[in-house]
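Coordinates in review
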Amino acid sequence: MALAVMLLKGASFHSGCCRHKVLLSLLGPLLGNSKLYSSYRRPGAEPEKTPSWQNVDFSFKKGIDHLKTQLSLLKKETQDYLKGPGGRPVSQHLLEQTRVLWQFRSQEDLNKWVVSSDVEIGGKSKVYIKLGRNNQAALLYGTLNTEVPRDGETKYSGYCSMRSRPAVGSFNRKKYYDWSNFNSLYLRVRGDGRPWMVNIYTDPYFSHQKDDLYSYFMFTRGGPYWEEIQIPFSKFFLSSRGRVQDNQHPVWLDKVRTLGFTIGDKVDGPFQLEIDFIGLLNDRAHREEFAYETYDKNTPV
Amino acid sequence: MNPQANLVFITSLLLGTTITISSNHWIMAWAGLELNTLAILPLISKSHHPRAIEAATKYFLVQAAASTLILFSSMTNAWQTGQWDISQLTCPVSCLILTAAIAMKLGLAPFHFWFPEVLQGSSLITGLLLSTAMKFPPITLLYMTSQSLNPTLLVTMAILSAALGGWMGLNQTQTRKILAFSSISHLGWMAIIVVYSPKLALLNFYLYALMTAAAFLTLNSINTLKLSTLMTTWTKTPALSATLMLTLLSLAGLPPLTGFLPKWLIIQELTKQEMAPAATLIALLSLLSLFFYLRLAYCATITLPPHTTNHMKQWHTNKPTSILIAILTTMSITLLPASPMILTIV
């Protein structure tokens, strides 16, 4: 089909001839568009980017600098590999029962996270992140607005989220976290009573599963006291594109890519969440393997 | 799984293997390989976990591509020579394509990238089938065509497999991935000798299958999927931990255990064939895999971790060790004195 469009575009060069003008006016939209899909752009989405082949910078020096940074990253990775799994010695890997993943003490800790909201579909919620008092926590705050954008196809709106940036190794290769030694997520937070959803994204290899997300809820107290919330990984349920799946499976912790927090409790108004640190815990008292669908699916006849 | 379905899959696996190993027409060999591929796919994706489905998809894509290449190489040979006989593969292009195709089927470097992921996504028993039963038909094809294969390519792939299997297995913490890299490394040993002495390659495969089966079944009965779980097995089944250590050291090729036999014979044969540097190189590279076997043995048996449990022995074991584990472990540890007899059999 793309070939047909190219042939027609080639035909448009001969538009001087009046015989073809009628044909061209009919085929105008087909020839003018450079893409073969719907051109509706959601109100909050960014305008069309210039294609990547148009803004290539052939600067030799920049290329060399980029190569140098990647090679130094590769060297660091090799040194970490020689130390042991995950850059730590094996004894530490085998004996650890707690690990702090993200701590919010400086701006670069904040830069490891990305905030987004329903502005990307045309909604009106606002979300911001900054360092809290004395640089001791991250403050995620904003306003939730459930007003639905009027584009005729959206039915619900009103969500804000914060998601960790996926780790990237040398030469832009994907890096995964290995949390298999642990069985709970440990968060020190101070919320305002609103319920949050914690999402784990495992970034699967095939695109059919790219919307798979493992989620669970985090109910915060509103008080002035800090809370330490423990969420076992056995409680995370599988959803795809927001729909909870019938076929439930536990999250496999050997290849986790990002962690995220979302608020979408259909209540208009301001929200606030302070996070001191996010860590992992191996709770030996927690023996549950998986909380859902524990019945035998294939009972022998 | 539904017993009837299980029966169909297991029978198909056996049928596919039998068809390939007893064939002398390339189409029959290819048909057996395809039957094997299709039969093991539901076994890999049995649990329907997204990672298991991913593993099954990766396995299918790689194996289908490899089967296509095998068929293509046999076709080009048939065009050139007019016959489809497996042992008469004379066209040099066909030989090269076939070597690459069988390397993809087996998981020899540089076509090994699918193997750890597929093994990680499947259960331990399916992993055992993937490492042993699914490797048997391609090894047989290598055995049957060994006189026409390119030695340089095979030796290169073998040394690369031993190197990559050793290096990449070093930092793994998941037991299935460790066993996958051990498999890649052992396949390197098999591939290096197949041109000079195909019987030795087959002997290596049989002994490797024995030791791997013992290792996989032991790990299955103590249900360990990662290194940290292995640290607490001494409380549950102390005897099994001890035999697991010996099985792992046998896989590493240490005398006086069985695993030393194939390595010794292969190094001897390579030296006789004036390939002493290659023999030295592959022996040195298998030291890397010795490192991670030793690490597994340390975690399972040799060290006592301080923090994990506070009792010496659980008051009862959940299930008695099956007799198959006992037989396989005994054979994988004590067969070295019987090496003159083994040499006469193979």
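Residues numbered from 1 in each chain as written. Chains lettered and ligands numbered in written order. Predicted model: local features only at pLDDT ≥ 70, side-chain atom pairs only at ≥ 80, totals over all residues. Heavy atoms only, no water.

1. Concerning the overall build of chain A
Along its length, chain A carries five helices and 13 strands. The burial tally for chain A puts 36% of its 301 residues in the buried class. Within chain A, contacts between residues separated by at least 24 positions form 74% of all contacts whose residues are at least 6 apart in sequence. Surface exposure of chain A reaches about 19200 Å², of which carbon and sulfur atoms provide 55%. (Helix = DSSP H or I, 4+ residues; strand = E, 2+ residues; numbered from the N terminus. Buried < 20%, exposed > 50% of the residue type's maximum accessible area, 1.4 Å probe, protein only. Contact = heavy atoms within 4.5 Å. Areas by Shrake-Rupley, 256 points an atom, 1.4 Å probe, with all protein chains shown as cover.)

2. Focus: helix H3 (residues 50-81) of chain B
Between its first and last C-alpha atoms H3 of chain B spans 46 Å; for 32 residues at 1.5 Å apiece the expected length is 46 Å, and the two agree. Glycine 82 of chain B sits one or two residues past H3 of chain B and shows a positive phi near 80°. (Expected span 1.5 Å × (residues − 1).)

3. Quick notes on the sheet that holds strand E7 (residues 195-201) of chain A
Reading across the sheet, the seven strands line up as E2-E5-E12-E7-E8-E10-E11 (chain A) and stay open at both edges, with antiparallel pairing between neighbours. Bordering the open sheet on either side are strand E2 (113-117) and strand E11 (243-244) of chain A, each of which pairs with just one other strand. (Pairing = 2+ DSSP bridges.)

4. Some points on empty space enclosed by the protein
Evaluation of the coordinates by the stated rule reveals five cavities of 30 Å³ or more. Taken as a whole, the largest cavity spans an internal volume of roughly 90 Å³. Forming the boundary of the largest cavity are Thr202, Pro204, Gln209, Asp212, Tyr214, Trp252 and Lys255 of chain A together with His49, Pro50, Arg51 and Glu54 of chain B. At the level of elements, strand E8 (212-219) of chain A together with H3 of chain B are the ones that each hand at least two residues to the lining of the largest cavity. (1 Å grid on protein atoms, 1.4 Å probe; cavity = no way out; pocket = protein on both sides within 12 Å on 5 of 7 lines; lining within 4 Å. Points joined across faces, edges and corners; volume = space filled by probe spheres on them.)

5. Here we look at the UniProt feature "domain: NADH:quinone oxidoreductase/Mrp antiporter transmembrane" (unreviewed entry) in chain B
UniProt's feature table lists "domain: NADH:quinone oxidoreductase/Mrp antiporter transmembrane" (unreviewed entry) at residues 23-287 of chain B, given in the numbering used throughout. Taken as a whole, residues 23-287 of chain B contains 76% helix and 0% strand, while its terminal C-alpha atoms sit 38 Å from one another. (UniProt positions renumbered as here; feature names shortened; annotations may be inferred.)

6. Re the pattern of salt bridges
Residues and elements named next belong to chain A. Per the stated rule, a full pass over the model turns up 22 salt bridges over all chains. A salt bridge links glutamate 77 to arginine 173; its shortest N-O distance comes to 2.7 Å. Of this pair, glutamate 77 sits in helix H3 (residues 60-83) while arginine 173 sits in the loop between strand E5 (160-164) and strand E6 (184-190), placing them 96 residues apart in sequence. Judged by relative accessible area, which is 42%, arginine 173 ranks as partly exposed. Of the charged contacts in the structure, one is a salt bridge between aspartate 276 and arginine 105, with a shortest N-O distance of 2.9 Å. Of this pair, aspartate 276 sits in strand E13 (residues 269-281) while arginine 105 sits in the loop between strand E1 (98-103) and helix H5 (107-110), and the two are 171 residues apart along the sequence. Residue classification places arginine 105 among the partly exposed positions, given a relative accessible area of 27%. (Salt bridge = Lys/Arg side-chain N within 4 Å of Asp/Glu carboxyl O.)

7. Considerations on the interface of chain A and chain B
Facing the 27 residues of chain A at the interface are 30 residues of chain B. Interface area, chain A with chain B, both sides summed: about 2500 Å², of which 58% is carbon and sulfur. Considering only the side of chain A, the residues that lose the most area to chain B are Tyr81, Leu94 and Trp252 of chain A, jointly responsible for 27% of the buried surface there. Where chain A touches chain B, the interface holds two salt bridges. Connecting chain A to chain B are 16 residue pairs in polar contact (both at pLDDT 80 or more). Of all the elements in the fold, those that place two or more residues in the side of chain A that touches chain B are H3, helix H4 (90-95) and E8 of chain A. Ranked by residues supplied to the side of chain A that touches chain B, first place goes to H4 of chain A with four residues. Classifying every residue of the side of chain A that touches chain B gives 13 nonpolar, eight polar and six charged. (Buried area = accessible area lost by both parts, 1.4 Å probe. Polar contact = N/O pair within 3.5 Å; in protein donor to acceptor, adjacent residues only side chain to side chain. Nonpolar A, V, L, I, M, F, W, Y, C, P; charged D, E, K, R; others polar.)

8. A short note on the packing of helix H2 (residues 26-44) of chain B against helix H7 (residues 136-144) of chain B
Residues and elements named next belong to chain B. With their axes 10 Å apart at the nearest point, H2 and H7 run at an angle of 160° to one another. One element, H2, and the other, H7, form an angle in the roughly antiparallel class. In the packing of H2 onto H7, the handedness of the crossing is left-handed. Contacts from Trp26, Ala29, Leu33 and Asn36 in H2 reach Pro137, Pro138 and Leu141 in H7. Here the contact of H2 with H7 is built from residues that sort into six nonpolar, one polar and no charged. (Axes fitted to C-alpha atoms, helices over the stretch in contact; angles between N-to-C directions. Parallel < 35°, antiparallel > 145°, perpendicular 65-115°, else oblique. Left-handed = near helix turned anticlockwise from the far one by under 90°.)

9. Re the pairing of E8 of chain A
All names here are of chain A. Sheet topology places E7 next to E8; six bridges connect them, and they run antiparallel. When the bridges of E8 are listed, proline 195 appears paired with phenylalanine 219. Relative to strand E10 (residues 237-240), E8 is paired through four bridges, and the arrangement is antiparallel. Looking across to E10, one finds that serine 215 is bridged to phenylalanine 237.

10. Thoughts on the state of the cysteines
A covalent bond between the sulfur atoms of two cysteines is what we call a disulfide. For the structure shown, the criterion picks out zero disulfides over all chains. Here cysteine 91 of chain B stays unpaired: no disulfide links it, and the sulfur of cysteine 95 of chain B, its closest cysteine neighbor, is 6.9 Å away. (Disulfide = S-S within 2.5 Å.)

11. Focus on a nonpolar patch on the surface
Residues Leu67, Leu71, Leu74 and Phe171 of chain A make up a contiguous nonpolar surface patch of about 330 Å² in total accessible area. As for its position among the elements, leucine 74 of chain A is in helix H3. (Patch = residues over 30% accessible without salt bridge, like charges linked within 9 Å, V, L, I, M, F, W, Y side chains within 5 Å.)

12. Focus: helix H13 (residues 238-252) of chain B
An α-helical segment advances 3.6 residues per turn. Residues three or four places apart therefore align on the same side. Residue and element names in this part refer to chain B. Over its 15 residues, H13 extends 21 Å from the first C-alpha to the last, a length consistent with the 21 Å expected when each residue adds 1.5 Å. Taken as a whole, H13 has its buried residues at Leu240, Ser241, Leu244, Met245, Thr247, Leu248, Leu249, Ser250, Leu251 and Ala252. Looking at the residues trailing H13, positive phi occurs at glycine 253, about 95°.

13. A word on the domain arrangement of chain A
Residues and elements named next belong to chain A. By domain assignment, chain A separates into domain 1 (60-95) and domain 2 (97-281). Between the C-alpha centres of domain 1 and domain 2 the distance comes to 27 Å. Domain 1 puts nine residues into the contact, and the matching count from domain 2 is nine residues. Of the roughly 770 Å² buried where domain 1 meets domain 2, counting both sides, 44% is carbon and sulfur surface. When residues of domain 1 are sorted by the area they lose upon contact with domain 2, Gln70, Glu77 and His93 head the list and together hold 54% of the total. (Domains from an automatic or database assignment.)

14. A short note on the environment of isoleucine 267 of chain B
Residues and elements named next belong to chain B. In this structure, isoleucine 267 sits in helix H14 (residues 260-272). Overall, isoleucine 267 belongs to the partly exposed group, its relative accessible area being 28%. The sequence separation of isoleucine 267 and isoleucine 282 amounts to 15 residues, and the corresponding C-alpha distance is 8.9 Å. With residues near it in sequence (within four places) discarded, isoleucine 267 still touches Trp189, Ala279 and Ala283.

15. Digging into unusual backbone geometry
A cis amide bond, omega 0°, links alanine 109 of chain B with the succeeding residue proline 110 of chain B. Here the amide bond leading from proline 255 of chain B into proline 256 of chain B is cis, since omega sits at 0°, within 30 degrees of zero. The residue aspartate 203 of chain A is not glycine, and still its phi comes out positive at about 45°. Along the chain, aspartate 203 of chain A turns up in the loop between E7 and E8. Note on aspartate 203 of chain A: relative accessible area 10%, which makes it buried.

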